[in-house]
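# Summary of the model geometry
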Amino acid sequence: DQQVKQNSPSLSVQEGRISILNCDYTNSMFDYFLWYKKYPAEGPTFLISISSIKDKNEDGRFTVFLNKSAKHLSLHIVPSQPGDSAVYFCAASARSGGGADGLTFGKGTHLIIQP
Amino acid sequence: GAGVSQSPSNKVTEKGKDVELRCDPISGHTALYWYRQSLGQGLEFLIYFQGNSAPDKSGLPSDRFSAERTGGSVSTLTIQRTQQEDSAVYLCASSLRHKNRDTIYFGEGSWLTVV
């Protein structure tokens with residue numbers, strides 16, 4: 001039973017446009033959400049996070065939106081750049097969990113930025 | 001080094017053999033985690049270490065998997081009697097503390113292929 005779902009295995013976006021990556025979760029106890037970015041042959045790197053007390057967090061070109069009632073979050077990248085081509089993992093953590101052992105990851109979405 | 005270091009980066013082994021994967025966390029990080037990513041799957045938590053506390057082994061898939069962390073620094077993940085389904089990239093990560101909001105830094109992974 002997948003608690004964190006990224007239903008799009010891949011997404012192709014033209015350079016300069018907005019990339020929107022989606023993530024759905026089922027566990028209502030999740031209260032902290034993160035996005036990780038992973039290039040081939042490299043480990044994931046932390047990108048941005050959001051706490052359930054917020055509905056938006058912005059960091060440069062990256063914005064994460066959280067809709068708690070829909071149990072949905074999304075990552076927006078504006079404008080998309082070729083270097084953004086990577087696999088993006090959504091992760092969630094519950095109140096009772098602490099640290100990375102409490103993180104549940106989605107399967108990832110492969111973002112491809114077309115020149 | 002500045003980041004999490006893992007070795008070997010690639011390992012091909014015959015079914016039934018034992019393998020050891022090594023992880024050097026970031027200096028000063030007290031929390032160390034092992035994850036694995038199988039083809040088409042998200043990141044799967046395996047085990048974590050926090051300081052001198054007993055490790056949380058709740059994510060280990062079978063008793064063929066074990067890990068130790070010597071001196072609160074280097075960790076070794078051992079897989080005994082490897083099976084083909086063990087083929088995956090094994091990622092080590094560390095964080096300053098074992099806290100939700102602490103950024104987790106991943107190594108580049110050890111790619112294991114069992115033939």
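The model shown is predicted, which means the values in this text are computed figures rather than measured ones.

Here we come to the state of the cysteines. A complete count under the given rule lists 2 disulfides over all chains for this structure. Between the sulfur atoms of A:Cys23 and its disulfide mate A:Cys90 the distance is 2.0 Å. Here the disulfide of A:Cys23 and A:Cys90 is left-handed, its torsion about the S-S bond being about -75 degrees. Here A:Cys23, found in strand β3 (residues 19-25), pairs with A:Cys90, found in strand β9 (residues 86-94); they are 67 residues apart in sequence, far enough to count as distant. The buried category is assigned to A:Cys23, whose relative accessible area is 1%. Note that B:Cys23 is cross-linked by a disulfide to B:Cys92, the S-S spacing being 1.9 Å. Its S-S torsion of about -70 degrees marks the bond between B:Cys23 and B:Cys92 as left-handed, since a negative value means left-handed. Taken together, the positions of B:Cys23 in strand β3 (residues 19-24) and B:Cys92 in strand β8 (residues 88-95) put the pair 69 residues apart, joining distant regions of the chain.

Bringing the nonpolar core into the picture now. The biggest cluster of nonpolar side chains holds 24 residues, and the ones touching the most others in it are A:Phe33, A:Trp35, A:Leu73, A:Leu75 and A:Tyr88. Of all the secondary-structure elements, those providing two or more residues to this core are β3, β4 (30-38), β5 (45-51), β7 (62-67), β8 (72-77), β9 and β11 (109-114) of chain A. Per-element accounting of this core gives the leading share, 5 residues, to β9(A). B:Val4, B:Ile26, B:Leu77 and B:Leu112 belong to the second-largest nonpolar core, a separate cluster that totals 20 residues.

On to the packing of aromatic side chains. Scanning all chains against the criterion turns up 10 aromatic pairs over all chains. Ring geometry for A:Tyr25 against A:Phe33: centres 4.7 Å apart, planes inclined by 40 degrees, an arrangement best described as tilted. The buried category is assigned to A:Tyr25, whose relative accessible area is 7%. Look at A:Tyr36 and B:Phe106: their rings are 5.5 Å apart centre to centre, the planes differ by 85 degrees, and that puts the pair in the edge-to-face class. With A:Tyr36 in strand β4 and B:Phe106 in strand β9 (residues 105-106), this pair bridges two chains. The pair A:Tyr36 / B:Phe106 is uniform in exposure class, with both members buried.

Analysis parameters
- Residues numbered from 1 in each chain as written.
- Chains lettered and ligands numbered in written order.
- Predicted model: local features only at pLDDT ≥ 70, side-chain atom pairs only at ≥ 80, totals over all residues.
- Heavy atoms only, no water.
- Disulfide = S-S within 2.5 Å.
- Helix = DSSP H or I, 4+ residues; strand = E, 2+ residues; numbered from the N terminus.
- Buried < 20%, exposed > 50% of the residue type's maximum accessible area, 1.4 Å probe, protein only.
- Core = buried A, V, L, I, M, F, W, Y, C linked by side-chain atoms within 4.5 Å.
- Phe/Tyr/Trp six-rings, centres within 6.5 Å; stacked < 30°, edge-to-face > 60°.

Any functional reading would require information that these geometric values do not contain.
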